[in-house]
Amino acid sequence: MLVDTVVVGGGVIGCAVADALARAGRKVHLLDATLPGRATSASAGGLWAVGESIGLGCGVILHAQENPDAEQAGPMPLPRVFMDFLLAGNRQFPRLGPELKERTGIDVEVESGTGLLYLLYEDNHVQHARQLQDWLGQESDLMVTWSPEEVRDHDPCLTDELAGGVFFPGDNQVNPMLLAEAWKRSAILAGAEFHPCRVERIERAGKSFLLHSGSERWESPELVIAAGAWSGDLAQMVGASLPVFPVRGQIVCTETLSRTLRSNLSTPDCYVLQKSHGEVIVGSTTERSDFGTQVRPGDLRDLARGACRAVPGLASLAVKRTWAGLRPGTPDEFPVLGPDPDIENLYYATGGFRTGIVAAPITAELVACSILGTTPSFPQEPFLARRFRDAPGPEASQRDSSSSSRTESDSVA
Amino acid sequence: MSAPDVLVIGGGPAGMGAALEAANSGLTCVLVDESPELGGQIYRAPLPEAEQAMSPHPHGAYLRQKVRESSGIEVRTGCSAWGVFEGPEVPVSSEGSTIVYRPKALVIAPGAYEFVPPFPGWTLPGVMTPGAAQILVKTMGIEPGKRVILAGTGPFLPAVASQLVRAGVGVTAVLEASPRHHWWTLPWHGFRTPSILREGLGYLATLRRARVPILYRRGIVEVRGGERMTHVAHAPLDDHWAPNLSRREEIEADTLCVGYGFVPRVHLAQSAGCELEFRDEQGGWVPRRDAEFATSVEGVYSVGDGAGVAGAWSAESEGRIAGLAIARRLGALEPGDFDRQQRPWRTKLDRLTPIRRALDRICRIRSGLFESIQDDTLVCRCEELPWKTVRSAIDFGADQFRSLKVATRLGMGPCQGRFCWPATSRMIARQCQVGVEQVGPSSARPPLRPVSLGCLASMDEEAR
Ligand SMILES: Cc1cc2nc3c(=O)[nH]c(=O)nc-3n(C[C@H](O)[C@H](O)[C@H](O)COP(=O)(O)OP(=O)(O)OC[C@H]3O[C@@H](n4cnc5c(N)ncnc54)[C@H](O)[C@@H]3O)c2cc1C
Ligand SMILES: Cc1cc2nc3c(=O)[nH]c(=O)nc-3n(C[C@H](O)[C@H](O)[C@H](O)COP(=O)(O)OP(=O)(O)OC[C@H]3O[C@@H](n4cnc5c(N)ncnc54)[C@H](O)[C@@H]3O)c2cc1C
């Protein structure tokens, strides 16, 4: 079958890209295997543009895991362009929600007004908060610092044992699964074709890509790799090298509960948020891993402890399920978007790591623009795959990622 | 953390059989069951406070006593195992506290649950499973209703119907989906297991005496009512169990027991990472096992109805053989002794095979069963999902549990798809015109039993 563009991977990113291309008039085929560990199915759906960029959410957990000795280590912000990128993504949600609902009938549950609250348990956490405010700029309205009393006034179900809190009013949430599903349906309604299948092999036939899955084949002059944590394998199939690796996240979900939590919560142990169906989600480990999706009792226990510490009343809630997803990680924690530096008409839309959901709208825009040859609303430079070309091999660059890619002044700790 | 030689999950005939043989060979054994008493489904003991309840099954009482007498077996009732992690490591919770077991060998024997297909009206009060009605009369001495109809397939229907009759409950009719002449082949297949035939004939005789008709080749097409069901509509079925709606009839009834056989509870084995295979005749997905009932995961065994529905006698025999195999594996039993001791149980299993196979053929689920489902019939009760929502997700390319779940919330409720998936996966197979095995099993996400967040937080420090 000869088609304009093939997108491999139907997570939130592949679906968003397929939708953008299909609505621009391309004949798109979206191929997805829905493998166990699909990050979009595992995700908490936090739209924490500021929180994650300055190193909260999964960031603090990752940082603590990778620096077990640094007792005092606090949040580690990523370079500022990353926050601007996520903010550009986050800004689109209030418009995107109603649009998707209109096109597909699916409500992707964009929430506004909840905000993200980082709980400060100890005095050195308060110190970190000051440094974060310095980093953002004293006049910034992206962050507000609260006393323990202000935190308790905001949400009385939180623990008493607090040294304060930091509130990010613009960091809300969405339903990540429905978001991907709505984009997928929107793409299909705009003429895209969806094929549930696993791409096993890709050949080059002249300038085209020939994709194989079982007895099925697709031939396309244009290929987008949006295969999440598996993107490296796909790149390898076409002879490219892409340093994307799985970063496992184990997560806990409770039974439904009437609306209880005022805000999304981030703590040094875990994050806690209540979804619109009422389930409370407690996440998440952030482990460089293989492709296994097992959960470990000890890790689940630690997450549960973190949640009960933040909100003691949650202890009586029944746990409904636990699972693990695989984030598409990159050495510098930046996504990989746009063309391959060497292979013509090969594009990447991957490496969303711990912020692939909030970044999805702007990700789709950047990738679609680079394929369609139009100008995006945000510079593509920092995310191009060619940044890896001169870097050391993937093994080495993974190991010293936390130091090499960040400048001294970015570090808060 | 506790490290017995053997951990057995499930105290039915299969689990008790395994524990008895392992302990007889000198191994230390922990037997956990979430019910208040050992016995499992068939040998379920009446609650002490229920005076009207029926007397317990003598073989069940015998097994229970043997287990209680064995010094090698620590019995923990009222305890749920909620997952099997790498190791194997098994957390077991009761009343808010959790112990993690790390046994040398694990036996999974959790039994089966009833298969209920959706149909219009199936969520009305008064609709229940035969097993639920049985528990009401057997352990609590409570009448499920005044005018009861049983519908479905399999020998469990006349068994429960006659138990209800003997308990004084008014049974209006039994509807069996398969034709009568199929049933009359059973004596020929069952001549080596006369006790089973006698048991079945006994049920039929009880029903005949009470003038309860058994209507063959009949199935439910709808249940109607207001606050509680009042009417059952049924129709004749063809060879694929598709109803002939032009010959629909209605009967008044306040209770309908629907059961189309059993589904093995494979989620523990699945969470242990055991490979599954699809065996339609054994109730669906079952763990792949060798001749001694070891699964694909080292040291993990799976026996009884939870590994493939085959009845209580097979369950006990499988458990006994697995218990002996574990003893041999852990060096507590010489290979020669193993051969000798397992032989009677093997013979018993072989003798049961012909009647088992015949029953499997008669009662295998046929695809016409789902023909009465309407667009707005709920298929996932927990999330109140109508069939049309699932169908539209299928139209948009979802074709397995993982993709349907995220598209529709199917199986995202408290039951996690355990109850809806056996039927829904068959409906999807029918819709997509593929085999059920291609649609795949549901996923098993711990905790497989309710555990509170606080209970999880208080788990053993040593857990990995
Ligand atoms: C526990 C957890 C919590 C998270 N929380 C948040 C959060 O709160 N906020 C946020 O913004 N982000 C969060 N993330 C990150 C976010 O979920 C991911 O960055 C994002 O979902 C990545 O989307 P994707 O489409 O790139 O990858 P995926 O969703 O993994 O999709 C990739 C798809 O490609 C398919 N595929 C792979 N190989 C093949 C092949 N050979 N053929 C066909 N198909 C193939 C897979 O089956 C899969 O469906 C979280 C992640 C995890 C794991
Ligand atoms: C509802 C029902 C009623 C039945 N009634 C009859 C009948 O009247 N006559 C007849 O001949 N056959 C009957 N059967 C079939 C018969 O019970 C089975 O063939 C036989 O009991 C199988 O034995 P088993 O040991 O494999 O499983 P079971 O007897 O079902 O025993 C399994 C045990 O495991 C326990 N368990 C399950 N999961 C867990 C867990 N996670 N943690 C701890 N414990 C757990 C359960 O509490 C149960 O006690 C019935 C089956 C069902 C499902």
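Anything mentioned here points back to the structure above.
Owing to the predicted nature of the structure, the values given are computational and were not obtained by experimental measurement.

A. Representation of the pattern of salt bridges in the model. All names here are of chain B. Evaluation of the coordinates by the stated rule reveals 50 salt bridges over all chains. Residue Arg-248 is joined to Glu-250 by a salt bridge in which the shortest nitrogen-to-oxygen separation is 3.0 Å. For Arg-248, a relative accessible area of 35% translates into the label partly exposed. A salt bridge links Glu-316 to Arg-320, with the shortest nitrogen-to-oxygen separation between them at 2.9 Å.

B. Summary view of the site of ligand 1. Residues and elements named next belong to chain A. Neighbouring residues of ligand 1: 41 residues in total, closest Asp-32, Leu-35, Thr-40, Gly-46 and Phe-353. Between an oxygen atom of ligand 1 and a side-chain N or O atom of Thr-40, the distance comes to 2.5 Å. Within the complex, 99% of the 1,000 Å² of free accessible area of ligand 1 lies under protein. When contributions to the shell around ligand 1 are tallied by element, the ones reaching two or more residues are helix H1 (12–23), strand S2 (28–32), helix H2 (39–42), strand S13 (245–256), strand S18 (318–329) and helix H12 (356–372). Considered class by class, the residues forming the shell around ligand 1 number 21 nonpolar, 15 polar and 5 charged.

C. The sheet that holds strand S11 (residues 216–220) of chain A, seen in detail. Residues and elements named next belong to chain A. Strand order in the open sheet made by the 3 strands is S9-S10-S11, with antiparallel pairing throughout. Bordering the open sheet on either side are strand S9 (201–205) and S11, each of which pairs with just one other strand. Sheet twist, expressed as the mean angle between neighbouring strand axes with direction ignored, is 20°.

D. Structural detail: the pairing of strand S5 (residues 90–94) of chain B. All names here are of chain B. Within S5, 5 of the 5 residues are buried, which leaves the element mostly enclosed by the surrounding structure. Covered by surrounding structure in S5 are Val-90, Val-92 and Ser-94 together with Pro-91 and Ser-93, the residues of both alternating faces. Relative to S5, strand S4 (residues 80–81) is paired through 2 bridges, and the arrangement is antiparallel. In the sheet register, Ala-81 faces S5, and the bridge partner there is Val-92. In this sheet, strand S6 (residues 97–101) lies alongside S5 in antiparallel orientation, the contact comprising 5 bridges. Note that in S6 the partner of Ser-94 across the bridge is Ser-97. In this antiparallel pair of consecutive strands, S5 and S6, the connection spans 2 residues, and Glu-95 shows a positive phi of 45°.

E. Expanded view of unusual backbone geometry. The linkage connecting Gly-283 of chain A with the following residue, Ser-284 of chain A, adopts the cis geometry, with an omega of -20°. In this fold, Ser-284 of chain A is placed in the loop between strand S16 (279–283) and strand S17 (287–288). Looking along the chain, the bond that leaves Pro-446 of chain B and enters Pro-447 of chain B is cis, with omega of 0°. Residue placement: Pro-447 of chain B occurs in the loop between helix H14 (436–439) and strand S23 (451–452). Look at Arg-409 of chain B: it is not a glycine, yet its phi comes out positive at around 75°. As for its position among the elements, Arg-409 of chain B is in the loop between helix H12 (401–408) and helix H13 (421–432). For Arg-409 of chain B, a relative accessible area of 10% puts it in the buried group.

How each quantity is defined
- Residues numbered from 1 in each chain as written.
- Chains lettered and ligands numbered in written order.
- Predicted model: local features only at pLDDT ≥ 70, side-chain atom pairs only at ≥ 80, totals over all residues.
- Heavy atoms only, no water.
- Salt bridge = Lys/Arg side-chain N within 4 Å of Asp/Glu carboxyl O.
- Buried < 20%, exposed > 50% of the residue type's maximum accessible area, 1.4 Å probe, protein only.
- Near = heavy atom within 4 Å.
- Polar contact = N/O pair within 3.5 Å; in protein donor to acceptor, adjacent residues only side chain to side chain.
- Areas by Shrake-Rupley, 256 points an atom, 1.4 Å probe, with all protein chains shown as cover.
- Helix = DSSP H or I, 4+ residues; strand = E, 2+ residues; numbered from the N terminus.
- Nonpolar A, V, L, I, M, F, W, Y, C, P; charged D, E, K, R; others polar.
- Pairing = 2+ DSSP bridges.
- Axes fitted to C-alpha atoms, helices over the stretch in contact; angles between N-to-C directions.

So, to be careful, I would describe these as geometric facts and stop short of saying anything about function.
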